[in-house]
Amino acid sequence: MIRIRTMTAADVPLGMRLREQAGFNQTETDWRRFLDLEPEGCFVAELDGEPVGTVTNCVFDSVGWIAMLLVDQRVRGRGIGTRLTEHALAYLAARGVRTARLDATPRGRPVYEKLGFTAEYELARVEGSPEGGGPHGAVSPIAADQLDVVVELDREVTGTNRRRLIERLYREKPEAMHVFLASDRIAGYLTFRDGFHATQIGPGVALSDEAGRALGDVAIERCAGQTVFVDVPTDNGPALDWTESRGLVVQRRFTRMRRGEPVVDHPSQLWAGSGPEKG
Ligand SMILES: CC(C)(COP(=O)(O)OP(=O)(O)OC[C@H]1O[C@@H](n2cnc3c(N)ncnc32)[C@H](O)[C@@H]1OP(=O)(O)O)[C@@H](O)C(=O)NCCC(=O)NCCS
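Our subject in this report is the structure included herewith. (Residues numbered from 1 in each chain as written. Predicted model: local features only at pLDDT ≥ 70, side-chain atom pairs only at ≥ 80, totals over all residues. Heavy atoms only, no water.)

## Quick word on the packing of aromatic side chains
Moving on, step 1. One pass over the full model with this rule turns up 3 aromatic pairs.
Moving on, step 2. Taking 5.8 Å as the distance between ring centres and 70° as the angle between the ring planes, the aromatic pair formed by F43 and Y91 counts as edge-to-face. With F43 in strand β2 (residues 43-47) and Y91 in helix α3 (residues 80-94), this residue pair connects regions lying 48 residues apart in the sequence. This pair shows no difference in class: F43 is buried, exactly as Y91 is.
Moving on, step 3. A ring pair is formed by Y112 and F117, whose centres lie 5.7 Å apart and whose planes are at 65°; its orientation type is edge-to-face. (Phe/Tyr/Trp six-rings, centres within 6.5 Å; stacked < 30°, edge-to-face > 60°. Helix = DSSP H or I, 4+ residues; strand = E, 2+ residues; numbered from the N terminus. Buried < 20%, exposed > 50% of the residue type's maximum accessible area, 1.4 Å probe, protein only.)

## Focus: the pattern of salt bridges
Moving on, step 1. Going through the model one piece at a time under the given rule, you end up with 30 salt bridges.
Moving on, step 2. D36 is the salt-bridge partner of R168, the closest N and O atoms lying 2.9 Å from each other. Placement of R168 in helix α6 (residues 163-172) and of D36 in helix α2 (residues 28-37) is noted, with a sequence separation of 132 residues between them.
Moving on, step 3. Among the residues examined, R168 registers a relative accessible area of 16% and is labelled buried.
Moving on, step 4. Taking the relative accessible area as the measure of exposure, D36 reaches 48% and is therefore partly exposed.
Moving on, step 5. When salt bridges that share partners are traced, they join D30, R33, D36, R168, E172, R193 and E277 into one network. (Salt bridge = Lys/Arg side-chain N within 4 Å of Asp/Glu carboxyl O.)

Now the structure itself:
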């Protein structure tokens, strides 16, 4: 019998075990962030009393992000992933969300399509130990009083008020978040965080190619000697060109999918997704 229950901090080892099986990049810190941001909205599936699956939600006003759909490989193909996704959708509906979004792996996509999700665009995950990079006169570490402007810029580009996420990432690693200033106005930001296999660069948006490249170059200088992942919308040609010029190669692709009302976003200005968890 399949039963779905709320996930708690005691389930983080389960999350880490399933993440390992799937080759995902999240750390325990990532799982704790999912739980802190949505304490009632992360779920575990039990099969005959044994925990075998997870899913997380994150509500940003009228938009809800579904992530971390993981089912133990021993029990896949029995409808557990579908049940978890249905549960996530019911949670989002109860929270008044009008659009559910997610970044699907090729394995996840058919599950979501059967539940009415449609594809919006593709993201390429590029990886490698970047070459080049360096400081730029217009890029500086963010100051706390610039956070509101960054949240607003991110909202304009993503069509989503991700204040809770951006503030949380800033609190976790303030020194990683940088802004690009053009004529005293913030025209981009970018941050990075630790991952299990590689440092995840993102989220980050840029209103010009110069801002995107400069922010990216500062981030890779800060991550010198590390393997990095960057999730780039394939509609953002200049960002992909920049990653290629820095020696990063495409490792996998995600499909951004939606169920419900369209969200007006601008993937050509999204230089780095936050990782598949929250756009
Ligand atoms: C994606 C994933 C979560 C799916 O979990 P799952 O429990 O196998 O999903 P389901 O069983 O609901 O659906 C998988 C397939 O089984 C079929 N199925 C559903 N209910 C079934 C049942 N009762 N009996 C047999 N098959 C069933 C589904 O139709 C689906 O078939 P399809 O592949 O032809 O579309 C799992 O493969 C996984 O953890 N993958 C690695 C991590 C990953 O990629 N996660 C997705 C992130 S976006």
